[in-house]
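Each chain is listed here by its residues.
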Amino acid sequence: MTFLPDTGYVPTDEDRAGLAAWFEEYDARSAKRQVEGMAEMAVFPLNLVSDDSAGNGRSAQWDREQFVATMTHVMGDGDEDITFESTRTPVFLSPSMAVVFTDSTMTQEGRSQQLRYADILIRRNGEWAFQTMIQGGWGDNL
């Protein structure tokens, strides 16, 4: 069982549903490799946090162009959809800020890969958008 920290904010059912719908749409765009559409769901500059092969923490900020170029390279250009089976644990800091921890299995071209990452999302004008991506192992590419 996962115990969430007491942030002082108790999310509403609407908060949870809105965030879940955002991830459903993001996963659908990811599955189809719609990188431009994925970029529409972000706030730029986008913060990235990772670690490198030497064990050092790394961070970077990407503009939209860098995000699109990197994600296009990482996701490839195959015709087969990518599938995601994800379990997400959102921690709401307020009605407009959430840190979401994700355990996911990504399957692409018959190969599966386990992913664990966190995203920081903000809500502006009623719409969620991701602003920070956190995942180990990518620091050498930042």
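Structure: see above.
The paragraphs below set out a description of the structure included in this document. (Residues numbered from 1 in each chain as written. Predicted model: local features only at pLDDT ≥ 70, side-chain atom pairs only at ≥ 80, totals over all residues. Heavy atoms only, no water.)

1. Overview of the sheet that holds strand β5 (residues 111-124)
Consideration 1: Strand order in this open sheet of six strands is β2-β1-β6-β5-β4-β3, and the pairing throughout is mixed. Two strands in the sheet have a free side with no partner beyond their single neighbour: β2 (57-62) and β3 (83-94). In this sheet, adjacent strand axes meet at a mean angle of 25° when their direction is disregarded.
Consideration 2: By the bridge criterion, seven bridges tie β5 to strand β6 (residues 127-134) in an arrangement that is antiparallel. If you follow R123 over to β6, its bridge partner there is W128.
Consideration 3: Strands β3, β4 (97-108), β5 and β6 of the sheet are contacted by helix α1 (residues 13-31), whose axis makes an angle of about 145° with β3.
Consideration 4: Packing against the sheet, helix α3 (residues 64-75) makes contact with β1 (42-51), β2, β4 and β6, and its axis sits at approximately 115° to β2. (Pairing = 2+ DSSP bridges. Helix = DSSP H or I, 4+ residues; strand = E, 2+ residues; numbered from the N terminus. Axes fitted to C-alpha atoms, helices over the stretch in contact; angles between N-to-C directions. Contact = heavy atoms within 4.5 Å.)

2. Some points on the packing of aromatic side chains
Consideration 1: Summed over the entire model, instances satisfying the criterion amount to seven aromatic pairs.
Consideration 2: Relative to F23, the ring of W22 has its centre 4.8 Å away and its plane inclined at 90°; by these criteria the two rings are edge-to-face.
Consideration 3: Since its relative accessible area comes to 5%, F23 is described here as buried.
Consideration 4: Taking 5.8 Å as the distance between ring centres and 70° as the angle between the ring planes, the aromatic pair formed by W22 and F130 counts as edge-to-face. (Phe/Tyr/Trp six-rings, centres within 6.5 Å; stacked < 30°, edge-to-face > 60°. Buried < 20%, exposed > 50% of the residue type's maximum accessible area, 1.4 Å probe, protein only.)

3. Side note on the pairing of β5
Consideration 1: By the bridge criterion, 12 bridges tie β4 to β5 in an arrangement that is antiparallel. The residue of β5 that forms the bridge with D103 is R116.
Consideration 2: Linking β4 to β5, which pair antiparallel, is a turn of two residues; within it E109 sits at a positive phi near 50°.
Consideration 3: Joining the antiparallel neighbours β5 and β6 is a turn of two residues, in which N125 adopts a positive phi near 50°.

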